[in-house]
Amino acid sequence: LFADIRDQLRGIKVTVPNDWIVFHGGLLRVIDVSIPPADTTPFHTHDAAVLYVPIALSATDAQVSGGDWGAIGPESASRLQVGTASSDFVYANHPLVHRVANIGPDEFRLLEIVNAGSGVPPGTGPSLPGDLQMNSSWFRQSTLVLEAGKRTRWFSAEMPVVVVVPEFGTVT
């Protein structure tokens, strides 16, 4: 399903092979990150706050520029969980140059939502629909589950809104 969406959006290729920018507007970027089994990304820099939305997981290891690999084995559990967003705000103040190797048997896939802004006080703006999961200076994230055929009220915000539909469904 996600491959179909990526093919429809056909974003801009980024410097890391297999990654595509599916949206870029102002300070916000949404990147479709894919690391096939036995593949290693080139060294790349993270220099802004990131929200990760895992799609498919496989064991990965990372090497910081000038450092050693993290000694992660193929059977190691990921810190990420499919369907649960995870964030890293440290990059906004302390950029990281690293590369990542997929040492597991499956494709590693996630959406990387990047906010290159300086951040705002947490909680600024209208309340989000659903259950609030995260409220930081860079991201506000909620989860809203709707039964088939059900609708919710329209939501608008002054900041960009990214809607991730992890299963078959439509947003109209």
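Criteria and thresholds
- All residue numbers here refer to positions counted from 1 along the written sequence of the relevant chain.
- Since the coordinates come from a predicted model, pLDDT governs what is reported: local features require at least 70, and pairs of side-chain atoms require 80 or more to be given and counted, while whole-chain, interface and lining totals use all residues.
- Note that the side-chain values use all heavy atoms of the structure and ignore hydrogens as well as water.
- Whenever Lys or Arg places a side-chain nitrogen within 4 Å of a carboxyl oxygen from Asp or Glu, that contact is recorded as a salt bridge.
- Strands are runs of DSSP state E lasting at least two residues, helices are runs of H or I lasting at least four, and both sets are numbered from the N terminus onward.
- Here's how the labels work: a residue is buried when its accessible area is under 20% of the maximum for its type, exposed when over 50%, partly exposed in between, all with a 1.4 Å probe on protein chains only.
- By the convention used here, strands pair only if DSSP detects at least 2 bridges between them.
- Note on definitions: angles span 0 to 180 degrees between N-to-C directions of axes, and those axes are lines fitted to C-alpha atoms, for helices only across the stretch in contact.
- Here a Phe, Tyr or Trp ring, Trp counted by its six-membered ring, pairs with any other such ring whose centre lies within 6.5 Å, and the pair is stacked when the planes are under 30 degrees apart, edge-to-face when over 60, and tilted otherwise.
- Pairs of N or O atoms are called polar contacts if they sit within 3.5 Å, as long as, within protein, a hydrogen donor faces a hydrogen acceptor (for residues adjacent in sequence, only side-chain-to-side-chain pairs).

Caption draft 1: Representation of the pattern of salt bridges within the structure. Following the criterion strictly, the structure yields 2 salt bridges and no others. The closest approach of N and O atoms between Asp-32 and Arg-109, which form a salt bridge, is 2.8 Å. With Asp-32 in strand S3 (residues 28-35) and Arg-109 in strand S9 (residues 108-115), the pair connects residues that are 77 residues apart, well separated along the chain. Of the two residues, Asp-32 and Arg-109, both sit in the buried class. Of the charged contacts in the structure, one is a salt bridge between Glu-107 and Arg-109, with a shortest N-O distance of 3.6 Å. Here Glu-107 falls in the partly exposed class, since its relative accessible area comes to 31%. A relative accessible area of 6% means that Arg-109 is categorised as buried. Bridged by salt links that share partners, the residues Asp-32, Glu-107 and Arg-109 form one connected network.

Caption draft 2: Just the sheet that holds strand S4 (residues 44-46), in detail. Across the sheet, 3 strands lie side by side as S4-S8-S6; this open sheet has antiparallel pairing. Two strands in the sheet have a free side with no partner beyond their single neighbour: S4 and strand S6 (60-64). Direction aside, neighbouring strands of the sheet carry axes that sit 45 degrees apart on average. By the bridge criterion, 3 bridges tie S4 to strand S8 (residues 96-102) in an arrangement that is antiparallel. Each residue of the ladder has a partner; that of His-44, found in S8, is His-98.

Caption draft 3: Structural detail: the pairing of S3. For S3, the buried fraction is high: 7 of the 8 residues fall into the buried class. As judged from the 5 bridges shared by strand S2 (residues 20-25) and S3, these two strands associate in the antiparallel manner. Across the sheet, His-24 pairs through a bridge with Arg-29, a residue of S3. Hairpin remark: S2 followed by S3, antiparallel, with 2 residues in the connecting loop; positive phi at Gly-26, about 60 degrees. Two elements, S3 and S9, share 8 bridges in a ladder whose sense is antiparallel.

Caption draft 4: Looking closely at the packing of aromatic side chains. Tallied over the full model, the rule gives 2 aromatic pairs. Look at Phe-89 and Trp-138: their rings are 5.5 Å apart centre to centre, the planes differ by 25 degrees, and that puts the pair in the stacked class. In this pair, Phe-89 sits in the loop between strand S7 (86-88) and S8 while Trp-138 sits in the loop between strand S10 (131-135) and strand S11 (140-143), placing the two residues 49 residues apart along the sequence. Note on Phe-89: relative accessible area 23%, which makes it partly exposed. Classification of Trp-138 as buried rests on a relative accessible area of 17%. Centroid distance Phe-89 to Phe-139: 6.2 Å. Interplanar angle 25 degrees. Geometry classified as stacked.

Caption draft 5: A look at the side chain of Asp-88. With respect to the element layout, Asp-88 can be found in strand S7. At a separation of 3.3 Å, a polar atom in the side chain of Asp-88 contacts the side chain of Tyr-91.

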